[in-house]
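Notes for the structure review
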Amino acid sequence: MSIFLIPVLSSYSTSLNLLFFYMTWSTLVLSHSRLRVEMFGTITVRLIFYALPSIVFFLFDILTPSAAVLIKAHGATGLPGGRRRRKIHMKELKIAGWGLFNLFLGIAVQGVLEMVLVRTLGKRSALKVSLKLPTPFEICKDLSMAMLGRELLSYFLHRYALHSTLSPVLSRWHQTWYHSLSAPFPLTAHFDHPIPYLVTKFIPTYAPAIIFRFHMLTYILYLLFVSVEETFAYSGYNVMPTTLFLGGMARRTDMHLLMGGSGNYGPWGVLDWILGTTVGEPLSDDETSDEADEREVRRAYEVAKRKAVGSGKTKRR
Ligand SMILES: [Zn+2]
C-alpha cells in the first residue's frame, strides 16, 4: 500500500520521495519471497483498480437503475438484466460471480506458472522482482511494447479463436457465454467461459509482460492501466474520465456485443481500423453511409433490447 501512497501523499522533494520509495520497495523485497511479492502486488492492483470500482458500479446499476440509466450510452439495455428494475436476479449475480472467478483464475495461473518455473524447473522467474528499480526509459519502452503486444494478441485471438470456424468449440463457448449478454455492464470485462477468457483476456495481458520480462514495478503500472481501462470500457456509461480515449473504447466494446461479434475485436480499435473490422462507427463524412451506419446501429440496438426482454420472459416462466 505504501508503494502507492508515498508518491501521492508526501510533500517532500522528488529525491527524498524516491529514497522513501526505494526503502519501502527494498524492505518489501527483502522481507518476503519473490513469489509472494508478485502475487500480492498483482492481487492488490486488480482489487483496487478493477474489482472494487466495478463492484461499486455494478451495485449502483442494480440498486439505483433509474439513476444509472441516465449515464448509460444505450439506456435501459445497458443495465444488468437489460431492464429498469430494482431487483437482483440470479443471472446477473452469476455473471458477476463468474467475472470475479475468472479474474482470480488468471492470477492463480500466473502463480502456478511462476512456481513451476522457479521451484520445479529451477529457472528464473517470469517477472523480475529485484531490488534494482527500472529507469523511466525502461518503463516507457516496456509499457509501449506491452500495449502493442496486447492489442495484437487480443485482436487475432478474439477474431480467429473466438469468432471463427477454425475453433468451433471455443467459438460456441464464447457465443453462449459472453455473447448472451445484451450489452456490457460493470464486471463483464472478465465474464466469459473460463477457457475463452484465458485465451483472449489473460494471455494477451500476461504474455507481453513475460516476453519482455517486466520488472515487477513496471508490471504493477501496466496492470493498473489495463484495470482502469477494463473498468470503464465495459461499464456501458457515457460519462468517462476521458471521453475521447476511454469513451471511444467503451462504445467499441458495446458495439462488439450489439452487432453480434461482427467486428471491433481489439481493445484499442487500432487493428480493427487497419484491417477494416470496425463496426458501429461512421466510416466517412459521406451522409448516406452515415445514415446507413446509424440504421445498422439502431437495428442492432433493437435486437439487443429484444434479447434482454426475451431472457427476462423465459426466466419468469
Ligand atoms: Zn466476441
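Residues numbered from 1 in each chain as written. Predicted model: local features only at pLDDT ≥ 70, side-chain atom pairs only at ≥ 80, totals over all residues.

1. Here we look at the nonpolar core
Nonpolar side chains tend toward joint burial in soluble globular proteins. Counting residues in each nonpolar core, the largest one holds 19 residues, and the members touching the most others are Phe 58, Ile 95, Ala 183, Leu 187 and Phe 191. Listed by contribution, the elements that provide at least two residues to this core are helix H3 (34-63), helix H5 (90-120) and helix H10 (243-258). For Phe 191, the residues in contact, after removing those within four places along its chain, are Ile 95, Trp 98, Gly 99, Asn 102 and Tyr 178. Formed by 18 residues, the second largest nonpolar core is a distinct cluster that contains Phe 49, Ala 209, Phe 214 and Tyr 222. (Core = buried A, V, L, I, M, F, W, Y, C linked by C-beta atoms within 7 Å. Buried ≥ 20, exposed ≤ 12 C-beta atoms within 10 Å, placed from the backbone. Helix = DSSP H or I, 4+ residues; strand = E, 2+ residues; numbered from the N terminus. Contact = placed C-beta atoms within 7 Å.)

2. Overview of the environment of Tyr 237
Here Tyr 237 is to be found in the loop between helix H9 (216-233) and H10. Accessibility expressed as a C-beta count within 10 Å gives 21 for Tyr 237, which makes it buried. Placed 166 residues apart in sequence, Tyr 237 and Ile 71 show a C-alpha to C-alpha distance of 5.3 Å. Residue contacts for Tyr 237: discarding those within four places in its chain leaves Ile 71, Lys 72, Ala 73 and Ala 250.

3. Comments concerning the UniProt feature "transmembrane region" (unreviewed entry) in the protein
Using the residue numbers shown here, the UniProt feature "transmembrane region" (unreviewed entry) corresponds to residues 12-31, 43-60, 95-118, 206-225 and 231-250. Secondary structure within residues 206-225 divides into 80% helix and 0% strand; the distance between the first and last C-alpha atoms comes to 13 Å. (UniProt positions renumbered as here; feature names shortened; annotations may be inferred.)

4. Observations concerning the environment of Val 226
By the element assignment, Val 226 lies in helix H9. Val 226 gets classed as buried once you count the C-beta atoms within 10 Å, which come to 23. On a C-alpha basis, the gap between Val 226 and Arg 46 in space is 9.3 Å, while along the polypeptide they are 180 residues apart.

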